[in-house]
Amino acid sequence: MSIVQTLSSSADFEQREKEKTRIEKAYRESDKRLGELVANNYQDVTQILKAFNGMTKSINESRDKIRKIKEDLNSCKTLLHFKRDELRKLWKDGVEHKAVLSMLEQVEQIKEVQDKMNTYIANKHYLHATDMIVQAVAMLEGPLYGVDALRELKSDLINIKERMHETLIEELSKQIYERSLPSFSLQRGSQMRLSRKDASVWGWSDGLDSPRRAPKLEGSEMSSSKISYYEVKENLNSNPQDNLENFIAILTESLFALHKLPDGVERLKLSMKGSLNKLINTATQQIAESSGQQLDSMVNHVQPKYLNELLKLIFEQARYVAKTHQIFLNNVFRLTTSVSADHESSGMPLLSHVLYDIKDVWSEIQARLQILLSQYLDVRNTMSSRQQAPSGFDEPSMDISQYFSKKRPAKPKKVSLFRFDASQHAISVSSARQQIQQFEHLFSFQDALGLSDNWHIVKVCKPDAFNITAIYKPLRSFIVEVEEIMETSALQEFITDFVQNAFLGQVHAKVSENIEAATRVEEEEDGHKCFDALRNIIDEKTRRELGVPRPLLQSTVTVDSSIQELQDLMHDLPNYADQFLNMICNVLRDYKDKCNSAYRDIVQHGSDEKRIISSMWAKDDDISRFLRSLPSWRSLQPRQGKELDHTICSEEEMRALNSKEAIILISNLSTDESLIPQQEIITDVTQMRTVANVHESLEWFANRLDLFADSLTPQSSLAPLQEELPTELPPISDKTLQSLKQLVQEFKDLAEICLLLLHLEVRVHCFYYLLPVAKQSNYAGPIDDLDPDSNVLKLNKDLSGMEEMMTQSLQPKKFKYIFESLGYLVASILINSVQFLNKINENGIKKMCRNILAIQQNLTNITLTRESDLDRARHFYELLYMNPDEVLNAVAEKGPQFTLGEYQELIKLYHRSFAGNPVQVQDARMQRLHSVMEKGQNETLA
């Protein structure tokens, strides 16, 4: 058409002819191309044409058949119209027969329900069993309601359904209290662990049948935002108990399907007390079996370690019980708050007084534990027998009773004109009433918790308040877990009440009793008080056990044992470390006062409380400072002794220091003609042994206390944000720790004073016996007395007695300190005593030399070294064999061997002893002595 249109519209003939020619040419080419294609594809074209002809024929035949069917249908319709009543009757008969067959099939299934139910319940497939019984009862009450033949079966199945929830609740309780924590392998002193198989109970397994939706735990709170849902499946080919969480969900779903979920919740809530009691009794039996002892006999033995194991086992079980309860409660929460249509139709709302939460579970667990601990800690007897703390440990600035009384808010009082509440009687009555109220509230609280129920507790150890020391740390860790859930813990309040109102007081009374027995003061026959315990020392076995070189006072060891017990209590009950440290300080303060009192009784004499000479010198600051500066004293110090080993102290320096000590002592005791009274020295060697024992004991005691004080951490040393410490004990109050260190230093000072006292007392004894040698004895007699002076013999006997006593009571280095340089002092005393001799002759010189030799031999036996200093004293008196001029010539030739004063006293004694020498001769010799000594000094300096 487009070509015709083109040719028609063209006005030019030539144009039309050209277009016509072009079209004819194209047509010839197309025809030629078509002919080639037909020739090349002739066979295919032939087949297509044949197929097209066959299809056309089939379509025509089908049209004819359709037309015929339509005619036949119209004919059938006409015929059925005439037979419709008969057909309707046949259809109704078929429907009735089909319903009867379905009912027969249902009857057959219901007849098999009981057998299948027993199989499911035996295999613990409770979800299948519940679904089956619910469906069976629904059929019997629905489609099969009118079947009289099933009336008896219906009654049986209804009874099974009514009792089914009892089985489910019982199984649920079993899973919570018996299966929630599988069996432990109990070993003494070892941790209790779950086996690999038991741990898998908490996993999830895939099921095959009965898909349900149940909560999957992601936290401990029953919050819909923290509950994700998964399908509850019950696999008939596996043990449902292998997956505890899924099994709890199955049981909850089953109760929900039976419309008995509120009954199950209420039953679990009401049976919680009895089930926990049974759980604890079972754990007790397990501990007894693991210990290999008879449970009935364990109550008579002090074995707190078994109580510790029991509580650890109960704590683990409590955690799993609470966790299983949480699984159950989360399922209940999900089922009772679901808004899906299927749940709305079958769910039953729970009343608020029936439903419980996880806090109720933990509260009941704590209540059971409180009753259990009340029995093991013997709370009633402890409260009733609690004694008042002795006043010996109290002080105005640190009243320890504040730690043993529970503070209550004061009630408002009516205004009155006058009161008697400040009287002594009213104060005592008020204090007693307050304590009774404090204890009664605890008893009533325990009764409210169930102490009056019929729970019979068989114990694994003897009830005692001190059982708290073995269980406090694991108990405290458990309480912290509870407080994270409940914020507050009734168990913590119970433990706090017990420790503060009972245990601390009992510890205080026990320590007081021990200290009182160890430091008992008795009256001697003369009415003088003595520290009787200072005379008692430990036996050899105890000394070897303590590893000490010399005997210690029994009182010190007893006090140290009490202190050690309090230290152990600080570690066992770290939250009360400050209270126990205050007890330690009070014990130390009391013992220090008694030691000081006993020391004063030893060093004082007379009714005017005068002290012996050595005690006054030991207390004198100047003398004490000088004695502490000597190398012999510094060598006794443990830290300074190492440095002293490398210090070279020459003989000249030692002689100078000994000379200074001798000068100080001589200047205080040999300045006048009077002698030392006997009451100003210690004449009883037993008293000196006591002082030596006190020194060794207090030094050992102070060193142990020093180590203990160094192990404590003061609160001021903590950084502001620092909370956790690497040490086991919490930080201690700075004031209390400073008080402890001060007491330790006071014990060290008293120990050092005792050693200085012995050091000085031995030297005072030398003065006491040697001064009369020169002042009272006659050295100008005509008869040569071959025996030493009686006072010298007494001195030797006294020194030998002190040597024997100190060897047994003091360490070798301290024994050496006391007797070291004693020979130099004796020589100085004898040389200085020359001024007290009126006259002396050759016999007197021999007697004096014999005195010196006797003392020298005795000191050599004591110190095991030759006392060469006494040779100097003997040489000094041997100068009296020469006249003064010969002595001066020897000084001029050989140099001075003695001091100017000593030579002067020697010349004076010579002139007193030999009459006929005028005073001018004595003065001339004195002047020559001065010049010779000055010349010798100048030559020495040059």
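Worth saying up front: this structure is predicted, and the values here are computed from it rather than measured.

Enquirer: Mind showing me how you'd approach the overall build of the protein chain here?
Expert: The secondary structure content of the protein chain amounts to 36 helices and six strands. Burial status across the protein chain gives 42% buried among its 942 residues. Restricting the contact set of the protein chain to residue pairs at least 6 apart, pairs at least 24 apart contribute 78%. Carbon and sulfur atoms make up 51% of the accessible area of the protein chain, which amounts to about 52100 Å² in all.

Enquirer: Can you help me understand the nonpolar core in this one?
Expert: Within soluble globular proteins, side chains that are nonpolar generally end up buried alongside one another. Core analysis: the biggest nonpolar cluster contains 222 residues, and Phe580, Leu740 and Met806 have the highest contact counts within it. With 24 residues, helix α28 (residues 734-775) is the largest single contributor of residues to this core. If we skip the residues at most four places from it in the chain, phenylalanine 580 touches Phe503, Leu504, Val507, Leu566, Leu569, Met570 and Leu573.

Enquirer: What should I look at first to understand the confidence of the model for the protein chain in this one?
Expert: Reading fine detail from the predicted coordinates is not recommended where pLDDT is low. When pLDDT is averaged along the protein chain, the result is 78; 78% of the residues meet or exceed 70. When mean pLDDT is compared element by element in the protein chain, helix α29 (residues 790-809) scores highest at 93, while helix α7 (residues 196-199) scores lowest at 38. Segment residues 524-529 is flagged for pLDDT under 50; beyond a separation of four residues in sequence, or across chains, it makes nine contacts in the model.

Enquirer: Looking at this model, I keep getting lost on the side chain of glutamine 856. Mind explaining?
Expert: Mapped onto the fold, glutamine 856 is located in helix α32 (residues 842-863). A polar contact of 2.9 Å, which involves the side chain of glutamine 856, links it to the backbone oxygen of glutamate 867. What glutamine 856 contacts, discounting residues up to four positions off in sequence, is Arg866, Glu867, Leu870 and Asp871.

Enquirer: Just checking my understanding: could you explain the pattern of salt bridges for this structure?
Expert: Any two side chains of opposite charge can pair if their charged atoms end up close together. On inspection of all chains with the given rule, the structure shows 32 salt bridges. The residue glutamate 364 makes a salt bridge to arginine 368 at a minimum N-O spacing of 3.1 Å. Residue glutamate 364 and its partner arginine 368 are both found in helix α14 (residues 358-376); the two are separated by four residues, about one turn of the helix. The pair formed by glutamate 364 and arginine 368 is uniform in burial state, with each residue classed as buried. Lysine 594 is the partner of glutamate 516 in a salt bridge, and the nearest nitrogen-oxygen pair spans 3.5 Å. Taken together, the residues glutamate 516 in helix α18 (residues 490-518) and lysine 594 in helix α21 (residues 577-603) connect sequence positions 78 residues apart. One salt-bridge network, held together by shared partners, links Arg866, Asp871, Arg874 and Glu878.

Enquirer: Would you mind showing me how to read the packing of helix α17 (residues 468-486) against α18 here?
Expert: Between α17 and α18, whose axes approach to 10 Å, the crossing angle comes to 150°. Crossing geometry of α17 relative to α18 is assigned as left-handed. On the side of α17, the interface is formed by Ile468, Thr469, Tyr472, Leu475, Arg476, Phe478, Ile479 and Glu483, while α18 contributes Leu491, Gln492, Ile495, Phe498, Val499 and Phe503. Among the residues making up the contact of α17 with α18, the classes are represented as ten nonpolar, two polar and two charged.

About the criteria used
Residues numbered from 1 in each chain as written. Predicted model: local features only at pLDDT ≥ 70, side-chain atom pairs only at ≥ 80, totals over all residues. Heavy atoms only, no water. Helix = DSSP H or I, 4+ residues; strand = E, 2+ residues; numbered from the N terminus. Buried < 20%, exposed > 50% of the residue type's maximum accessible area, 1.4 Å probe, protein only. Contact = heavy atoms within 4.5 Å. Areas by Shrake-Rupley, 256 points an atom, 1.4 Å probe, with all protein chains shown as cover. Core = buried A, V, L, I, M, F, W, Y, C linked by side-chain atoms within 4.5 Å. pLDDT = per-residue confidence, 0-100. Polar contact = N/O pair within 3.5 Å; in protein donor to acceptor, adjacent residues only side chain to side chain. Salt bridge = Lys/Arg side-chain N within 4 Å of Asp/Glu carboxyl O. Axes fitted to C-alpha atoms, helices over the stretch in contact; angles between N-to-C directions. Left-handed = near helix turned anticlockwise from the far one by under 90°. Nonpolar A, V, L, I, M, F, W, Y, C, P; charged D, E, K, R; others polar.

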